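Chain residues, written in single-letter form:
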Amino acid sequence: MAVYTCFDMIADCKANKSEGWTYLSKVFIPPLEWMVKRYGGGQAHLATLLASLKPFPREIAPMAEREFIAAIRPHILDSTGWTGGEAQTLALTQFESALTELTPLERQLVWFEVLGYSIPDAARLCRVSAETATKSQDRASDLLRQSLDRWDRAIVRDNAAILAREARAAVPGEPVPFRGYLDIIDGRMTWSNRMTVERSLSASWFEVDHFCRVREADAAMRDTKPLTDEQSAPYVERFGVRLPKPSLWKRVIAAR
């Protein structure tokens, strides 16, 4: 029997087949709910998100599961209203100049503060100890304090929206593909290729932001379980898709 994948799901959703919307509901509702909660939302925000997603699979190219989650992230932020700080007291150029000494891992741990994550959560997503994450953020705070005329401990979080917007606008000539970061997370990347990626992380906050969003999508999938048929049925119907009735023998078994 052929394995049904996210690629098949997107094709079936484009054709408005129940198989696609059922797979989306079973596999993706839990990680989407995980991310909605992460950005301060509840069931009402999840409902808003799902209402906005009906056309989404028709608008995108085929992609794997974690990339699909990352692609939905802007819709999640819209549904919850999460933006990050706009204090205008720290620009990306100042941030970048102050933190040139940080390693690729330290950059990720610091950037998770931009994405609104606590130190323990940043440590978990980067798969390091909370102590390592704390030391990295303390080091970044010291470097920023030494570099800026005006500094306080919350300056990164207070300017998160500005930093994220400016980083995402600074697209490098040859961005690291999504799959490249998954290869690091999954332990498939060779040492030489990893060094190339780490040089990109040291040279570009766009790449740091990208890798952190890949880690976030990975955690959302890894930390959740798919729904059962019964649990997913209301979500499928919410997408406006009529589910086929179960066969007689399935109804008989279910009634026992």
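We now turn to the structure provided with this report. (Residues numbered from 1 in each chain as written. Predicted model: local features only at pLDDT ≥ 70, side-chain atom pairs only at ≥ 80, totals over all residues. Heavy atoms only, no water.)

Details of the environment of Ala-47
- Structurally, Ala-47 can be placed in helix α3 (residues 43-53).
- For Ala-47, a relative accessible area of 27% puts it in the partly exposed group. (Helix = DSSP H or I, 4+ residues; strand = E, 2+ residues; numbered from the N terminus. Buried < 20%, exposed > 50% of the residue type's maximum accessible area, 1.4 Å probe, protein only.)

Looking at the nonpolar core
- Counting residues in hydrophobic clusters, the biggest one holds 78 residues, and the most contacted among them are Met-9, Phe-28, Phe-68, Phe-95, Leu-99 and Trp-111.
- A per-element tally of this core places helix α2 (residues 18-38) first, with ten residues.
- Apart from residues no more than four positions distant in its own chain, Met-9 is found in contact with Tyr-4, Gly-20, Tyr-23, Leu-24, Phe-28 and Phe-68. (Core = buried A, V, L, I, M, F, W, Y, C linked by side-chain atoms within 4.5 Å. Contact = heavy atoms within 4.5 Å.)

Here we look at the side chain of Thr-22
- Mapped onto the secondary structure, Thr-22 falls in helix α2.
- From its side chain, Thr-22 meets the backbone oxygen of Ser-18 in a polar contact 2.7 Å long.
- With sequence-adjacent residues up to four places away left out, Thr-22 is seen in contact with Val-236 and Leu-243. (Polar contact = N/O pair within 3.5 Å; in protein donor to acceptor, adjacent residues only side chain to side chain.)

Brief notes about the pattern of salt bridges
- Enumeration according to the criterion identifies 19 salt bridges in this entry.
- When the shortest N-O distance is used, the salt bridge between Lys-135 and Glu-131 registers 3.4 Å. One end of the pair, Lys-135, and the other, Glu-131, are both in helix α9 (residues 130-147), four residues apart, so they sit about a helical turn from each other. Each member of the pair, Lys-135 as well as Glu-131, is classed as exposed.
- Asp-218 serves as the salt-bridge partner of Arg-222, at 3.1 Å between the closest nitrogen and oxygen. (Salt bridge = Lys/Arg side-chain N within 4 Å of Asp/Glu carboxyl O.)

Description of the environment of Asp-218
- Counting through the fold element by element, Asp-218 comes out in helix α14 (residues 205-222).
- Taking C-alpha positions, Asp-218 is 8.5 Å from Leu-125, a pair spaced 93 residues apart along the chain.
- In this structure, Asp-218 is in contact with Arg-66, Arg-127 and Ile-185, ignoring residues within four places of it in sequence.

As for helix α1 (residues 6-14)
- Those residues of α1 lying buried are Cys-6, Met-9, Ile-10, Asp-12 and Cys-13. The arc that holds every buried residue of α1, seen down its axis, measures 165°, which confines them to one face.
- Residues of α1 that are buried sit in contact with α2, α4 (56-59) and α5 (65-80).
- Near the N-terminus of α1, the side chain that reaches the backbone nitrogen of Phe-7, with its oxygen 3.2 Å away, is that of Thr-5. (Arc of directions from axis to C-beta.)

Looking at helix α11 (residues 160-169)
- Those residues of α11 that sit buried are Ala-160, Ala-161, Ile-162, Leu-163, Ala-164 and Ala-167.
- Buried-residue contacts for α11 involve α6 (92-98), α7 (104-114), α10 (155-158) and α14.

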